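# Coordinate inspection notes
Chain by chain, the residues:
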Amino acid sequence: MRKVIANTTPLIALANIDQLELLHELYGTITVLQAVIDEIICEPTKHRVRSAEWIKVEAIQDPSQKDIFRARLHAGEVEVMILAREQNADLVIMNDNAAKKTAKFLGLNVTGTLGILLKAKKEGYLEKMEPIMNELILDGLFISDTVKGYVLKEAGE
């Protein structure tokens with residue numbers, strides 16, 4: 001089974017539109033860190049994430065590495081990248097562009113919420129992308145018109 005580590009924003013985004021289970025369907029077990037759980041401030045969302053038996057909470061082995069990344073990134077993003085390197089993760093799920101660039105620089109394979117949804121569409125878990133993307137936008141996730149158009153084209157819509 002692939003080792004997949006998720007950051008906060010994709011978990012929140014998917015939980016808020018009742019699509020959190022897609023992560024389980026696509027990847028089986030997902031690993032998160034306590035720092036990621038701590039960043040979820042909405043209690044119903046935090047409860048959904050905590051109660052998913054297929055989401056495992058783990059800790060990084062070497063906290064001293066956090067200082068290297070602090071300049072532009074949140075604690076959860078930093079710990080996700082450290083854990084991903086420590087465990088040789090197959091995939092990291094995060095949305096922040098600066099964090100994604102850093103993760104890619106470190107040699108990590110990265111996707112975001114829209115990448116998850118696109119994979120779910122291609123594998124038959126979703127019929128349509130546009131309504132799901134519209135729900136994300138209504139829930140507060142910024143998706144530019146350019147990105148939305150690109151994703152819909154990739155999804156064949």
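Residues numbered from 1 in each chain as written. Predicted model: local features only at pLDDT ≥ 70, side-chain atom pairs only at ≥ 80, totals over all residues. Heavy atoms only, no water.

## Re the sheet that holds strand S5 (residues 110–111)
What holds strands together in a sheet is hydrogen bonding between their backbones, with the strands either parallel or antiparallel. Strand order in the open sheet made by the 5 strands is S3-S2-S1-S4-S5, with parallel pairing throughout. The outermost strands of the open sheet, each flanked by one partner alone, are strand S3 (55–58) and S5. With 2 bridges joining them, strand S1 (residues 4–6) and strand S2 (residues 30–33) adopt parallel strand pairing. Residue pairing for S2: Val4 is matched across the bridge by Ile30. (Pairing = 2+ DSSP bridges. Helix = DSSP H or I, 4+ residues; strand = E, 2+ residues; numbered from the N terminus.)

## Concerning unusual backbone geometry
Not every positive phi belongs to a glycine, and Asp18 is a case in point at roughly 60°. Topologically, Asp18 is positioned in the loop between helix H1 (8–16) and helix H2 (21–27). By relative accessible area, which is 64% here, Asp18 ends up exposed. (Buried < 20%, exposed > 50% of the residue type's maximum accessible area, 1.4 Å probe, protein only.)

## Some words on the side chain of Asn95
Looking at the element boundaries, Asn95 is found in the loop between strand S4 (91–93) and helix H7 (97–105). Engagement of the side chain of Asn95 in a polar contact is seen with the backbone nitrogen of Thr113, the distance being 2.9 Å. Apart from residues no more than four positions distant in its own chain, Asn95 is found in contact with Thr9, Pro10, Lys100, Gly112, Thr113 and Leu141. (Polar contact = N/O pair within 3.5 Å; in protein donor to acceptor, adjacent residues only side chain to side chain. Contact = heavy atoms within 4.5 Å.)

## Some remarks on helix H4 (residues 43–51)
Thr45, Lys46 and Val49 are the residues of H4 that are buried. What you see down the axis of H4 is that its buried residues fit within an arc of 100°, all on one side. As for H4, its buried residues are in contact with H1, helix H3 (34–39) and S3. (Arc of directions from axis to C-beta.)

## Re the pairing of S2
Where burial is concerned, the two faces of S2 agree: the one with Ile30 and Val32 and the one with Thr31 and Leu33 are both buried. Pairing of S2 with S3, which is carried by 4 bridges, proceeds in the parallel orientation. Each bridged residue has a counterpart across the sheet, and for Leu33 the counterpart in S3 is Glu58.

## Quick word on the packing of helix H8 (residues 113–122) against helix H10 (residues 145–154)
The geometry of H8 relative to H10 is characterised by a closest axis approach of 10 Å and an angle of 20° between their N-to-C directions. Taken together, H8 and H10 sit at an angle that is classed as roughly parallel. In the packing of H8 onto H10, the handedness of the crossing is right-handed. Two secondary-structure elements touch here, H8 through Leu114, Leu118 and Lys122 and H10 through Val147, Val151 and Glu154. For the contact of H8 with H10, a count of residues per class yields 4 nonpolar, no polar and 2 charged. (Axes fitted to C-alpha atoms, helices over the stretch in contact; angles between N-to-C directions. Parallel < 35°, antiparallel > 145°, perpendicular 65-115°, else oblique. Left-handed = near helix turned anticlockwise from the far one by under 90°. Nonpolar A, V, L, I, M, F, W, Y, C, P; charged D, E, K, R; others polar.)

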